[in-house]
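# Chains, contacts and geometry: an overview
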Amino acid sequence: MLCIIPGSVSSKMFAVRAFNHRKTMLYSFNLLIICIVIYVFISLRANHVDAREKNLHAGPAKTNVNQDIYKREAPLENEPPEAQGMPTADDQQPIKTHQGRVNMHVFEDCCGGSLDQLRNNLLYPLFPNVRTTVSRLTVSPQWSNYGLRIFGYLHPSETEEFIFAVASDDNSEFWLSLDESPENIQLLAYVGNEWTAPGEFGKFASQISKPLLLVKDMKYFFEVVLKQNTGIDHLEIAWRLNHDNGTFSVITSEFLSLYGDESSLQMGDIEHIPQTKASYDRLLESIPSSPHPVGEKIREDPRDHIYKYKMLDESYLKDLFPECHYKPSYVFTKQIERYQGVYLVHFSSVYPNDYTRQTHDLNDEMCFYTQDPSFQADKGLAAYLTEVEDPDVQKIDTGEGPFWQRVYDVKPLNPASKQTTVVANSCRTAGNIVMSQDHAMHIVRAFLKALHSREETRGYSLLRVVNVVRREDKDVGSRYLVELELVGPHSQKVLVSRYVYAQAEDSSKQMFLCSPKAFNWNPSATVHVIVAVKNQARWIIQFIREMEKVYRATGDKNFNVIIIDYNSSDMDIEKRLKKAKLPSYKFKRMEGNFQRTGGLQAGIDLVEDEHSILFLCDLHLYYPVNIINSIRKHCIEGKMVYAPVVLRLDCDASPRVPNGLWEVAGYGLMGIYKSDMDRIGGMNTIEFTDTWGGEDWELLDRILGNGLEVERLHLRHFFHHFHSKRGMWVNNNPG
């Protein structure tokens, strides 16, 4: 029995081992089957992704930065594709490659080294001068006064934590998305209001990012912005793995791909350009209000939104004032000598102060004070201080300061009310002449007295003096535009806006107002804004957007946009006009060389209603939203034309920081009734065929020679953007 037992145990052990062996083989076989299934699934998925990518068309991802930011209306196409996988030499599994370049947009004629100055530029980010590509994130164009926006996709070669770094001169920022969407970008590294040497990644802590996990075979949208002023210019974006011995290296082409192919697009095509938190269109973003704005000229003023006021029923004002003969002594009855008109136009004065005076430059500012009759050149501004003796302080005159305990007296100084047309023309920072409060309120009280003398308007009281404009006819009288906000008997608010005339009298006596004969403005007159263009796509689009802005803000349907195009090749203007949200427009294509006078006259000829107003203008302008209202009330048919003065912005300025000089010598921006334009003979297309410069002065001569007044005022928020003349009136599409 002892012999049998070992045999039985051996058999049982053998059976157990055989069972375990079969179990192991079965487990291995099942594992192999599972691996094969996973491999087949991954292969099919990869083939499906590659096939889908091959069928995608290049185009932008839709960006939604903020509900207050202007959105593109046309639906956006699919995202741009990665480059196709190329077969290997033995035609086995393809090796994935990328396009090796990224998009770069160049914004020239933009001074200053701050990125805020770039972002405040009205053309940023949709209207670059140049659209091109680069193959690595290191550039040094060796140029000045420009901004760059570089964007595309980053493709990490492995799944790891990466650290990014930036170096530049001047300011720069590096933004990276959490995925391929531009909506998800975040600021990783930047060079603030400073600069670094090339490759100097450790000068500031802000230059180096925190570690960020990136996944192989994913693509990440990125954006780099640079602002260069003068001096050496450079930009480098580098990365390294988050290892102790990691070294930064510039990001090169094998890790980059385009956001979209722009090589076949016109400069007028902008719908594909991504808008992000770093770079978005600010056209409709209001200028931030502040109790301490950068300049008084951007402070809110009731005149800026005067179009919102409900007008007082005109029937209430009929025969409110007796009619009087109106023929100013400064109106001419015969033609004047060539180019003499600019010396014969006088500025009107305003109340309240509209803060159109420029105060940013000390040298230019001093020209304002030196024109004051009480200014003493030998003492300067110190002459306005009068020392007062302090009996408790012993005066020791050493001839040099500091004099800590000396005290002074000063009289209120208001040089703006003492300015003249001579000052406004010679001092391009002066702004509008400001009427004294005493004089303005003398007129307002007389106006209100007339209102309260009638039953219909007796219940209206003054809420605010919105605007008073005075055109003085020395020793004869003055014409006034009086605009008052009134509150009625039922608490309704209304605006009264009317021209009156007052003969020159002793200001201490009661003011007598009358209504100048045939001198009333038409609140519903149609205004035709006319511009002639050729190959200025980004400025043409900006002009259309400005007109859309005015219409969106005012809802005014009585204005029309007229564009005369000399066969532009960089955009389809008519197509853009059809998409525009405008009350109406007219478009005409012309052949031949660009002609400003010929183009404007062609636009004038498209206007059939002789009782409508023409506004002859240029590109490169930023318009106040009240521009149409301003044109209407300063144009009187058969009597007066309107020549607003535009502020020519400095290179580093913008509507948000509007530093510059008033273009007091320019008369190319003119509002005039069609009937008056026809009467004086229209534009001079014979002498000024394909040249410009002087045609505005010649037109002014004929306006004055035909007995028309010219209303001349500095207009708030009316800016001419700085730009060079490089590439103008030619096809400027280097992209």
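Please read all numbers here as calculations on a predicted model, not as lab measurements.

Our focus in this paragraph is helix α8 (residues 596-605). Counting buried positions along α8 yields 9 of 10 residues, so the element is predominantly enclosed. The set of residues buried in α8 consists of Arg-596, Thr-597, Gly-598, Gly-599, Leu-600, Gln-601, Ala-602, Gly-603 and Ile-604.

Before going further, it helps to spend a moment on the pairing of strand β20 (residues 493-503). β20 sits mainly inside the fold: 9 of its 11 residues count as buried. Hairpin remark: strand β19 (residues 477-487) followed by β20, antiparallel, with 5 residues in the connecting loop; positive phi at Ser-491, about 65 degrees. Bridge count for β20 against strand β21 (residues 513-516) is 2 bridges, and the pairing is antiparallel. Within β21, the position partnered with Ala-502 by the bridge is Leu-513.

This brings us to the sheet that holds strand β14 (residues 349-351). What the 7 strands build is an open sheet, ordered β13-β21-β20-β19-β18-β14-β17; its pairing is mixed. Every other strand in the sheet has two partners, leaving β13 (323-324) and β17 (433-434) as the edge strands with one partner each. Where β14 and strand β18 (residues 461-473) come together, 3 bridges link them in antiparallel fashion. Looking at β18, one finds that Ser-349 is bridged to Arg-470.

Attention now goes to the state of the cysteines. Scanning the model with the defined rule gives 2 disulfides in all. Between the sulfur of Cys-111 and that of Cys-651 lies a disulfide, 1.7 Å long from S to S. An S-S torsion of about 90 degrees defines the bridge between Cys-111 and Cys-651 as right-handed. Taken together, the positions of Cys-111 in the loop between β1 (102-108) and α2 (115-119) and Cys-651 in the loop between β28 (645-649) and β29 (660-662) put the pair 540 residues apart, joining distant regions of the chain.

This part takes up the confidence of the model for the protein. The predicted coordinates of low-pLDDT regions are not to be read in fine detail. Confidence along the protein averages 84 in pLDDT terms, with 80% of residues attaining 70 or more. Here residues 1-17 is a poorly scored stretch, pLDDT under 50, and it has 0 contacts once near neighbours within four places are set aside; other chains count. Between residues 729-735, whose pLDDT stays under 50, and residues either more than four places distant or in other chains, the model counts 20 contacts.

Here we take up the pattern of salt bridges. For side chains bearing opposite charge, pairing can occur when the charged atoms are close. What the rule picks out here adds up to 26 salt bridges. A salt bridge links Lys-549 to Glu-546; the nearest nitrogen and oxygen atoms lie 2.8 Å apart. Taken as a pair, Lys-549 and Glu-546 lie in helix α6 (residues 537-554) at a separation of 3 residues, close to a single helical turn. Each member of the pair, Lys-549 as well as Glu-546, carries the same accessibility label: buried. Beyond isolated ion pairs, a larger network of salt bridges with shared partners links Arg-428, Arg-648 and Glu-663.

We now examine the nonpolar core. Ranked by internal contacts, the top residues of the largest apolar core, which has 45 residues, are Phe-543, Ile-563, Phe-615, Cys-617 and Tyr-623. Top contributing element to this core by residue count: α6, with 9 residues. Not counting the four nearest positions on each side in its chain, Tyr-623 is found in contact with Phe-543, Glu-546, Met-547, Lys-549, Phe-615, Cys-617, Asp-618, His-717 and Phe-718.

What follows covers the packing of aromatic side chains. The full count for this structure, using the stated rule, is 21 aromatic pairs. Centroid distance Phe-221 to Tyr-259: 5.5 Å. Interplanar angle 75 degrees. Geometry classified as edge-to-face. Linking Phe-221 in strand β9 (residues 220-228) with Tyr-259 in the loop between β12 (256-257) and β13, this pair joins segments that are 38 residues apart in sequence. Residue classification places Phe-221 among the buried residues on the basis of a relative accessible area of 0%. A centroid spacing of 5.0 Å and a plane angle of 85 degrees characterise the contact between Tyr-499 and Phe-519, whose relative ring orientation is edge-to-face. Residue Tyr-499 is found in strand β20, and its partner Phe-519 is found in the loop between β21 and β22 (527-533); the two are separated by 20 residues along the sequence. Both residues of the pair, Tyr-499 and Phe-519, belong to the buried class. The ring of Tyr-339 is capped by Arg-338, whose NZ or CZ atom sits 5.2 Å from the centre of that ring. One Lys or Arg, Arg-712, reaches over the ring of Tyr-667 and ends 3.8 Å from the middle of that ring.

Among the surface-exposed residues, Leu-385, Tyr-408 and Val-410 lie close enough to one another that they form a single nonpolar patch of about 290 Å² accessible area. Tracing the chain through its elements places Val-410 in strand β16 (residues 407-410).

The linkage connecting Asp-169 with the following residue, Asp-170, adopts the cis geometry, with an omega of 10 degrees. Tracing the chain through its elements places Asp-170 in the loop between β5 (160-169) and β6 (171-177). Tyr-351 connects to Pro-352 through a cis peptide bond whose omega is -5 degrees. Positive phi values are uncommon outside glycine, yet Asp-109 reaches one of about 55 degrees. Even without being glycine, His-717 reaches a positive phi, approximately 60 degrees. In this fold, His-717 is placed in strand β32 (residues 714-720). Exposure remark for His-717: the relative accessible area of 14% places this residue in the buried category.

Overall, mixed pairing links the 4 strands, which are arranged β26-β32-β28-β29 in an open sheet. Two strands in the sheet have a free side with no partner beyond their single neighbour: β26 (621-622) and β29. In terms of strand pairing, β28 meets β32 through 3 bridges, oriented parallel. In the strand pairing of β32, Arg-648 is matched with His-720.

On to the environment of Asp-618, then. Relative to the helices and strands, Asp-618 resides in the loop between β25 (613-616) and β26. Along the sequence, Asp-618 and Arg-596 sit 22 residues apart, while their C-alpha atoms lie 9.1 Å from each other. With near-sequence residues (within four places) excluded, Asp-618 lies in contact with Val-531, Arg-596, Tyr-623 and Leu-669.

Moving on to the pairing of strand β4 (residues 146-154). Counting buried positions over the 9 residues of β4 gives 9, a clear majority of the element. When β1 meets β4, the two strands line up antiparallel, connected through 6 bridges. Among the inter-strand pairings, Val-106 is bridged to a residue of β4, identified as Leu-148. The pairing of β4 with β9 spans 9 bridges and is classified as antiparallel.

Reading guide: rules and limits
- Think of each chain on its own: its residues are numbered from 1, step by step along the sequence as written.
- Per-residue local features of the predicted model are confined to residues with pLDDT of at least 70, and side-chain atom pairs are confined, for both listing and counting, to 80 or more; whole-chain, interface and lining totals are unaffected and use all residues.
- Note that the side-chain values use all heavy atoms of the structure and ignore hydrogens as well as water.
- Burial classification: accessible surface area is computed with a 1.4 Å probe over protein chains only, and a residue below 20% of its type maximum counts as buried, one above 50% as exposed, and the rest as partly exposed.
- Under the DSSP-based scheme used, a helix requires at least four consecutive residues in state H or I and a strand at least two consecutive residues in state E, with every element numbered from the N terminus.
- Strands pair, by our definition, only if DSSP identifies at least two bridges between them.
- Note that a disulfide, as used here, is simply two cysteine sulfur atoms within 2.5 Å.
- The predictor attaches a confidence to each residue, called pLDDT, with possible values from 0 through 100.
- By definition, residues are in contact when any of their heavy atoms lie within 4.5 Å.
- Note on definitions: salt bridges are taken to be side-chain nitrogens of Lys or Arg within 4 Å of carboxyl oxygens of Asp or Glu.
- Buried Ala, Val, Leu, Ile, Met, Phe, Trp, Tyr and Cys residues form a nonpolar core when they are joined through side-chain atoms within 4.5 Å.
- Any two of the Phe, Tyr and Trp rings considered here, Trp counted by its six-membered ring, make a pair once their centres fall within 6.5 Å; the pair's planes then place it as stacked at under 30 degrees, edge-to-face at over 60, or tilted in between.
- A ring is considered to have a charge above it if a Lys NZ or an Arg CZ atom is located within 6 Å of its centre and within 35 degrees of its normal.
- Patch criteria: residues need more than 30% relative accessible area and no salt bridge. Like-charged residues are merged within 9 Å; nonpolar side chains of Val, Leu, Ile, Met, Phe, Trp and Tyr are merged within 5 Å.
- Surface accessibility in these figures is a Shrake-Rupley result with a 1.4 Å probe; residues are shielded only by whichever protein chains are displayed.

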